[in-house]
Amino acid sequence: MSGTVNVTVDGKQVAVPGGLNLIEAARYAGKSVPHYCYHPRLSVAGNCRICLVEIQGQGKLQIACNTRVTEGMSYFTDNERVRKAREGIMELLLINHPLDCPICDQAGECKLQEYAVEHGSGITRYAFEKVRKPKNVSWGDKVVFDSERCILCTRCVRFLDEVAGTPEVGLDMRGEKCTLVVKGDGKLTSPYQMNVIDLCPVGALTSRDFRFKSRVWFMHFTDTVCTSCARGCNVTVGSRGDRVLRMVPRANPDVNHNWMCDHGRLHYAFVNDETRLTVPRVAGKGAPYAAAIARAKAILEGARGQGILAVASPFMTNEELFAMKELLDRLGVEDRFFLKPMGEGDDLLVHPEKCPNARGAALLGFAEAAAEWPSKEYGALLHFAPHEGADLPEEALKRAKRRILFSLKEREADVCFPLTTWIEKDGTVVSAGDRLQRLTKGITFEPTLVTERTVLDRLHASLDASHRPPDTAAQALARLAAALPAFAGVTWTRIGPLGMKLEATGAPA
Amino acid sequence: MIRETRVMLEHAGDPAQKTLAGYRKHGGYQALAKALREMKPEEVTEEVLKSGLRGRGGAGFPTGRKWKFVPKTNKKKYIAVNADESEPGTCKDRQIMENDPHQLIEGTLLAAYAIGAETCYIYVRGEYPHSIRALEDALDEARGAGLVGRDIMGSGFSCDIWVHPGAGAYICGEETALLTSLEGNRGYPRLRPPFPAVEGLWKSPTVVNNVETLSCVTHILRRGASWFSSLGCEGSTGTRLFCISGHVRNPGVYELECGKFTLRELLMELGGGTPSGRPIKGVLPGGSSMPVLTAAELDVRFDLDSIAKAGSSLGSGAIMVFDDSVSAVDVALNISQFYSHESCGQCTPCREGSDWVRLMLDAVRRREAGTKDVALLLDVLDRIEGNTICALAEAFCWPVRSFVKKFGAEFEAHLKERASA
Amino acid sequence: MADFSPELLAKVKDLWKRYPERKAALLPAMHLIQKERGGWFSPETIRDTAELFEVPDIHVQGIVGFYDMFHDEPVGRHVVRLCKTLSCKLRGADELRAHIKRTFGVDHGETTKDGAFTFRCFECLGHCTTAPMMLVDEERHENLTAEKVDRVLGGLR
């Protein structure tokens, strides 16, 4: 299996790793072989037949997905014979397909559409009534099934069996009457069930949450990381008009392969919440940022003698935490904590830490808050409220005379700054296994919003005119990396779209 | 005059042959005793190889070579006997199972000994309740006599044989679909590689052999490879069972040596010609999966290679005859109905294509198609054939194409009747 | 365990011993189950079978849907399967089908009003040299004529 193998793809010689199948090997020659049923993370089914290629010396065309490279093999992915066979498969896939693209959610990202354009003949020769099968079948509250659109590739069947470990979709009937069925009461139960929507190469499985919300070509896509737990599944967020419409997993072999949990996928309503705080509040009244920062400065300066309690949030990015650290250093604050929301985990992806960056907070010198709060009294509290999970207990809040809060919703405080969500800013987080990953800004929820790092830096600058805050997240990261050994040598570019392991922390992978 | 050479069916008329005592009276289980006492497993395989025996299920693969593909590992090995006789026109294995089941059991044990299998399953199609009962009765007797089970004949060799009923799916006669079905699933053919001899039942090496093939093994080991290969002709050694059905005066299952006569002689002498006295219009010489031969093509010598040279195949030994009162369109449609009903639905070209072909032929029959639709039909067959997981697609592409090509004039005339009507 | 007769359960347990995995005994066991449960697989019977074999219910359902001899709808007291494939067709199967429709009022997939039998046209039943033929439950009737069909099917009422 190991070692390198020399193959010739469409006349081009390439060296590829041994053990590759012909679809993967063709990529080394810059060729893409169309495929529906094949998926690198699932067992080979070989049923769609669109990946047929011609291997020199073999009479019949062979499916590329089930054939592995051998030394000296030469094969063709787009000669006349292969093209004709592919055109035939495309035609056969479409004869019973409803061709209801105008009302299909998959339109625009549908492999049937793409391959029909690329490999189809463009005409219909089928002159008979199409086979009728069940449509708009509810597979529970998340997935909707259309059997007429289904090409029976069985990716969903294999995913639920092989990856999710819940074999709850199967095949019924025979021949052209074949259809998918769900076990028991017909409702899926897997907490990973929505992955079948992404896996479905056609519009047979659609998301009830996303259904009919938008044509995909009107949407804006942002590659970022899910923040529902410490796993940090790589995702692509789809938005339109600065509101999030959906989240789908983005392949990362070191984190989440091609999957994500349904909870994380559907956990974005708080972003779009129109009752969110969008301007700072001072003593319960709306105020410009300058006024709120001035008030916060006054509170912090006034509290110096009596002590300041700082409670960060594990939803903050490393750069925000670093800006907070610099401010606290300047103020000489010693009591620095953060709250870590915990919950259930599982063997696949879901991590028990229900926040993206508890590890980052710890690396930046914040201590995980104990169950019992010190009985000390403080002059002021500077607190980033967590997006979810238990907030500071009332008794802790009451220890401080004055409160400066950062919150998604308005809270009772002397100064309350709006929080922004993970999709509204650039930054980095330290995911499970000490993996440093990038968040990328995808939307601007409200143009008036100022992100937390800027607020912290402006507050810092108001206390110390010599503070020269970094401009971009990349610059902030560079500053952080220079200051903290755990982040030594890290740069925005080095992290890349798939993240990197923080070696200096010495944590196991 | 063509005469039968009865080996497998020699005692088929004797009701006692079904019993162990009756079978033993005619030399039953002596081949097994000899093999277990005097031969190494490899020698059994060599004998079969030497006999020239080729599979009788349809593909005609040399049996000894198939056995030799089994890797010599310590892994469990299996024999799966293909008794899912479902090819239209075929009812020969049933004669063996119902009339002389012990020769199959003996042959199965010999194959198991040769490859080192300790468990064998006889997968009998569910529509054969009589065969199932006959085999189970015979197995009970054999088990009781220590011929099946532990330490057979005191040789130290142990082997169980179980009858496994199918439930009505032609595809399960395809050897990998048979294995998938036997494991308790929908009968889907498997991707090759891996081949069953390497990875079959429960991922263990498995040899799949047809009922008639294994029955021949019994006689080869009983009377020797050279005796067997002296029968028939080169490439078609031994005797073979042929089912002659359709428009013949004497339909039946005949045991014959190939290469001694032509197809026409066979149909006229043994078959007795058509009952109506009308001329034969076409013959499917090897089940409905094979290209049709027209009346003009019947003077071909009757053996595997000669029929292959004539563009068809002996397939499963089912010879179906139709006279000139029958419309070629009707026959082609009947065949396509069968395959579209039996397509398992796993892979795209067969699932979608088998039904499309049926619909096109039905449109021709109803004269709702034009001559250009016949060209379309041929083109669609080209897109299907060779591109599927198993051979079921070829099994309808070959006969349908042969009908369209060989009876093209009739297809055209049939369609023109609409214009004139 | 599901509500099957002790005799059936004993037979199924015996079948299990023949295979390295219980699941392999599904087809033979389902023939017995179908017979005990009135000739067809109701959703309840599918669930019971799945429970007995510890497989998902859809696995059993998928098998019922795949194999022609398992029924997913109620059937009459007997099941009549008339072969319709080529050798039988050449020997008059189509005419027999029409005859059965005229005489007994049932076509493919239908059950006689009195519930005596369900009639199904089946693909090749493997009795090509004695065509046309039909199976009535597990008994075969070969070299059929209209008169023979009348006699056999009439006797089912």
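Only a predicted model underlies this, so the values are computations on that prediction, with no experimental measurement involved. Sequence positions are assigned chain by chain, starting from 1 and proceeding in written order. Throughout, the order in which chains and ligands are written sets their labels, letters from A for the former and numbers from 1 for the latter. Only residues with pLDDT of at least 70 get local features here, since the model is predicted, and only at 80 or more are side-chain atom pairs given and counted; chain-wide, interface and lining totals rely on the full set of residues. Working from all heavy atoms in the structure, the side-chain values ignore hydrogens and water.

Asker: Help me understand the overall build of chain C, please; the structure alone is not making it clear to me.
Answerer: Counting secondary structure elements, chain C contains seven helices and five strands. Each helix corresponds to a stretch of at least 4 residues labelled H or I by DSSP, and each strand to a stretch of at least 2 residues labelled E; elements are numbered beginning at the N terminus. N-terminal to C-terminal, the α/β element order of chain C is α-α-α-α-β-α-α-β-β-β-β-α. Each principal axis of the C-alpha atoms in chain C carries an extent, and together these give about 45 × 35 × 25 Å. Per-residue burial over chain C gives 61% buried out of 157 residues. Roughly 6600 Å² of accessible area belongs to chain C as shown, and the carbon and sulfur atoms make up 47% of that amount. A simple rule labels every residue: compare its accessible area, found with a 1.4 Å probe on the protein chains alone, to the largest value its type can have, and call it buried under 20%, exposed over 50%, or partly exposed in between. Calculation of accessible area relied on Shrake-Rupley with a 1.4 Å probe; when residues are assessed, cover is drawn exclusively from the protein chains displayed.

Asker: Can you walk me through the overall build of chain A in this structure?
Answerer: Along the backbone of chain A there are 14 helices and 24 strands. Once the C-alpha set of chain A is aligned to its principal axes, its extents read approximately 85 × 50 × 35 Å. Restricting to contacts in chain A with at least 6 residues of sequence separation, those with at least 24 account for 64%. Working note: accessible area of chain A is about 20600 Å², and carbon and sulfur atoms make up 52% of it. Of note, chain A has its 65 positive side-chain charges centred 2 Å away from the centre of its 61 negative side-chain charges. Every residue pair with non-hydrogen atoms within 4.5 Å of one another is taken to be in contact. Charge counting follows a simple rule: Lys and Arg are positive, Asp and Glu are negative, and His as well as the terminal groups are ignored. One atom stands in for each charge, and that atom is NZ of Lys, CZ of Arg, CG of Asp or CD of Glu.

Asker: Explain empty space enclosed by the protein to me, please; I cannot follow it from the model alone.
Answerer: Where empty space is left in the structure can be found by rolling a water-sized probe over the atoms. Using a 1 Å grid laid over the protein atoms alone, points where a 1.4 Å probe fits but cannot get out form a cavity; open sets with protein on both sides within 12 Å along at least 5 of 7 lines form a pocket; any residue with an atom within 4 Å of a point counts as lining. Grid points are joined across faces, edges and corners, and a volume is the space filled by probe spheres set on the points. All chains considered together, the criterion is met by nine cavities of 30 Å³ or more. Of the pockets and cavities examined, the largest cavity occupies roughly 130 Å³. Looking at the largest cavity, it is lined by 16 residues, and the ones nearest its centre are Asn96, Lys133, Glu148 and Cys150 of chain A together with Glu352 of chain B. The set of elements that each furnish at least two residues to the lining of the largest cavity consists of α2 (80-95) of chain A together with α14 (348-365) of chain B. The biggest single contributor to the lining of the largest cavity is α14 of chain B, with three residues.

Asker: Quick question: what am I supposed to make of the domain arrangement of chain A here?
Answerer: In many analyses, interface size is given as the accessible surface area lost on bringing the parts together. Here the bounds of each domain stem from an automatic or database domain assignment. Per the domain assignment, the segments of chain A are domain 1 (4-78) and domain 2 (281-505). Each of domain 1 of chain A and domain 2 of chain A has a C-alpha centre, and these two points are 50 Å apart.

Asker: How should I be thinking about the pattern of salt bridges in this particular structure?
Answerer: Opposite charge on two side chains lets them pair, provided their charged atoms get close. In what follows, salt bridge is the name for a side-chain nitrogen of Lys or Arg lying within 4 Å of a carboxyl oxygen of Asp or Glu. Following the criterion strictly, the structure yields 83 salt bridges over all chains and no others. For Glu148 of chain A, the salt bridge is made with Lys135 of chain A, and the minimal N-O distance between the two is 3.1 Å. In this pair, Glu148 of chain A is assigned in the loop between β7 (143-145) and α4 (155-163) and Lys135 of chain A in the loop between α3 (111-119) and β6 (137-138), connecting sequence segments 13 residues apart. Where Asp324 of chain B meets Arg278 of chain B, a salt bridge forms, and the shortest distance between an N and an O atom there is 2.6 Å. Residue Asp324 of chain B is located in the loop between β11 (318-323) and α13 (328-342), and its partner Arg278 of chain B is located in the loop between α11 (263-270) and β9 (280-284); the two are separated by 46 residues in the primary sequence. Taken together, the shared-partner salt bridges connect Lys84, Glu87, Glu91 and Arg125 of chain A together with Asp379 and Arg383 of chain B into one network.

Asker: Help me understand the interface of chain C and chain A in this model?
Answerer: Each partner contributes to the interface: chain C provides nine residues, whereas chain A provides twelve residues. Put simply, buried area is how much 1.4 Å-probe accessible surface two parts lose in total, over both of them, once they are put together. Both sides of the chain C and chain A interface together cover about 810 Å² of buried area, and 54% of this is carbon and sulfur. For the pair chain C and chain A, the number of links is one salt bridge. A salt bridge links Asp68 of chain C to Arg174 of chain A, with the shortest nitrogen-to-oxygen separation between them at 3.1 Å. Polar contacts, as used here, are pairs of N or O atoms within 3.5 Å; protein pairs need one atom able to donate a hydrogen and one able to accept it. Residues neighboring in sequence count only if both atoms are side-chain atoms. Linking chain C with chain A are four residue pairs in polar contact (both at pLDDT 80 or more). Note that Gly is not counted as nonpolar here; it falls among the polar residues with everything else outside the nonpolar set of Ala, Val, Leu, Ile, Met, Phe, Trp, Tyr, Cys and Pro and the charged set of Asp, Glu, Lys and Arg. Tallied by class, residues from the side of chain C that touches chain A come to four nonpolar, three polar and two charged.

Asker: Just to check I follow, could you spell out the pairing of strand β22 (residues 427-431) of chain A for this structure?
Answerer: On a regular strand, one side chain projects to one face of the sheet and the next to the other, so that they alternate. Residues and elements named next belong to chain A. For β22, the tally of buried residues reaches five of five residues, placing the bulk of the element in the interior. Residues Gly427, Val429 and Ser431 of β22 are buried on one face, and the alternating residues Thr428 and Val430, pointing to the opposite face, are buried as well. Two strands pair when backbone bridges link them, and β22 and strand β23 (residues 435-439) are joined in this way by five bridges, in the antiparallel orientation. The residue of β23 that forms the bridge with Ser431 is Arg435. Two successive antiparallel strands, β22 and β23, enclose a turn made up of three residues, where Gly433 displays a positive phi of approximately 75°. A pair of strands counts as paired when DSSP detects no fewer than two bridges linking them.

Asker: Sorry, what's going on with the side chain of His102 of chain B here?
Answerer: All names here are of chain B. Relative to the assigned elements, His102 resides in helix α6 (residues 101-115). A distance of 2.8 Å separates polar atoms of two side chains, one belonging to His102 and the other to Tyr29. In this structure, His102 is in contact with Gln17, Lys18, Thr19, Leu20, Tyr23, Tyr29, Ala138, Glu141 and Ala142, ignoring residues within four places of it in sequence.

Asker: Got a minute to help me understand the pairing of strand β12 (residues 234-240) of chain A in this structure?
Answerer: All names here are of chain A. Of all seven residues in β12, six are buried; the element is thus mostly enclosed. Summarising the sheet, strand β11 (residues 220-225) and β12 pair through six bridges and their orientation is antiparallel. Note that in β12 the partner of Asp223 across the bridge is Thr236. Looking at chain direction, β12 and strand β13 (residues 243-249) are connected through six bridges and run antiparallel. What sits directly across from Ser239, in β13, is Val244. Counting the residues that bridge the hairpin from β12 to β13 gives two residues, and of these Gly241 lies at a positive phi of roughly 60°.

Asker: I tried to follow helix α7 (residues 129-144) of chain B on my own but got confused; where do I start?
Answerer: Note: α-helices contain 3.6 residues per turn, so residues at a spacing of three or four share the same orientation. Given the number of residues in a helix, its expected span is that number minus one, multiplied by 1.5 Å. Taking 1.5 Å as the rise per residue, α7 of chain B with 16 residues should run 22 Å; its terminal C-alpha atoms sit 22 Å apart, in good agreement. The complete set of buried residues in α7 of chain B reads Pro129, His130, Ser131, Ile132, Ala134, Leu135, Ala138, Leu139 and Ala142 of chain B. On the buried face of α7 of chain B, the contacting elements are α5 (93-99), α6, β2 (119-124) and β3 (160-165) of chain B together with β5 (139-141) of chain C. At the C-terminal side of α7 of chain B, Gly146 of chain B shows a positive phi close to 75°.

Asker: What am I meant to see in the packing of helix α1 (residues 6-16) of chain C against helix α2 (residues 26-36) of chain C here?
Answerer: Residues and elements named next belong to chain C. Note on definitions: angles span 0 to 180 degrees between N-to-C directions of axes, and those axes are lines fitted to C-alpha atoms, for helices only across the stretch in contact. Axis separation between α1 and α2 bottoms out at 10 Å; the angle between their running directions is 170°. In terms of orientation, α1 lies roughly antiparallel with respect to α2. Contacts between α1 and α2 involve Leu8, Lys11, Val12 and Leu15 on the former and, on the latter, Pro28, Ala29, Leu32, Ile33 and Glu36. Residues belonging to the contact of α1 with α2 are distributed by class as follows: seven nonpolar, no polar and two charged. Oblique is the label for any angle not covered by the other classes, which are roughly parallel (under 35 degrees), roughly antiparallel (over 145) and roughly perpendicular (65 to 115).

Asker: Can you help me understand the domain arrangement of chain C in this one?
Answerer: Parsing chain C into structural domains produces domain 1 (6-66) and domain 2 (78-156). Each of domain 1 of chain C and domain 2 of chain C was reduced to a C-alpha centroid, and the two centroids are 28 Å apart.

Asker: Honestly, the state of the cysteines in this entry has me stumped. Any pointers?
Answerer: Any covalent bond linking the sulfur atoms of two cysteines counts as a disulfide. The disulfide criterion used throughout: a pair of cysteine sulfur atoms within 2.5 Å. Summed over the entire model, instances satisfying the criterion amount to zero disulfides over all chains. Lacking any disulfide linkage, Cys48 of chain A is separated from the closest cysteine sulfur, that of Cys37 of chain A, by 3.7 Å. Judged by its relative accessible area of 2%, Cys48 of chain A is buried. In this structure Cys178 of chain A is not part of a disulfide, and its nearest cysteine sulfur, from Cys344 of chain B, lies 7.1 Å away. Relative accessible area serves as the criterion here: at 1%, Cys178 of chain A is assigned to the buried category.

Asker: Looking at this structure, how should I read the packing of α14 of chain B against helix α15 (residues 371-384) of chain B?
Answerer: Two quantities define a packed helix pair, namely the angle between the helix axes and the distance between the axes. Residue and element names in this part refer to chain B. Orientation of α14 relative to α15, taken along the N-to-C sense of each, is 165°, at an axis distance of 10 Å. When the axis of α14 is compared with that of α15, the two are roughly antiparallel. Seen along the crossing, α14 lies across α15 with a hand that is left-handed. Contact residues: α14 offers Pro349, Gly353, Trp356, Val357, Met360 and Leu361, while α15 offers Leu376, Leu377, Val380, Leu381 and Ile384. Partitioned by chemical class, the residues of the contact of α14 with α15 number ten nonpolar, one polar and no charged. Handedness of a helix crossing follows the sense of rotation of the near helix relative to the far helix, less than a right angle counterclockwise being left-handed and clockwise being right-handed.

Asker: Explain the environment of Met324 of chain A here, please?
Answerer: All names here are of chain A. Topologically, Met324 is positioned in helix α9 (residues 318-331). As a C-alpha pair, Met324 and Ser313 span eleven residues in sequence and 11 Å in three-dimensional space. Excluding anything up to four places from it in sequence, Met324 contacts Ala310, Val311, Ala312, Met316, Phe366, Leu382, Phe384 and Leu456.

Asker: For this particular structure, what's the right way to read a negative patch on the surface?
Answerer: Residue and element names in this part refer to chain C. Together, Asp3, Glu7, Glu36 and Glu44 make up a negatively charged patch on the protein surface. Its location among the elements puts Glu36 in helix α2. A relative accessible area of 34% places Glu36 in the partly exposed class. The patches described consist of residues with a relative accessible area above 30% and no salt bridge, like charges being joined within 9 Å and nonpolar side chains (Val, Leu, Ile, Met, Phe, Trp, Tyr) within 5 Å.

Asker: Could you clarify how one ought to interpret the interface of chain B and chain C in this entry?
Answerer: Listed per partner, the contact involves 63 residues of chain B and 37 residues of chain C. Taking both partners together, chain B and chain C bury about 4000 Å²; carbon and sulfur atoms supply 57% of that area. Summed over the shared surface of chain B and chain C, the result is three salt bridges. With a shortest N-O distance of 2.7 Å, Glu98 of chain B and Arg140 of chain C are connected by a salt bridge. Our enumeration of links across chain B and chain C arrives at 25 residue pairs in polar contact (both at pLDDT 80 or more). Per-element accounting of the side of chain B that touches chain C gives the leading share, eight residues, to α13 of chain B. Here the residues of the side of chain B that touches chain C are counted per class, giving 32 nonpolar, 20 polar and eleven charged.

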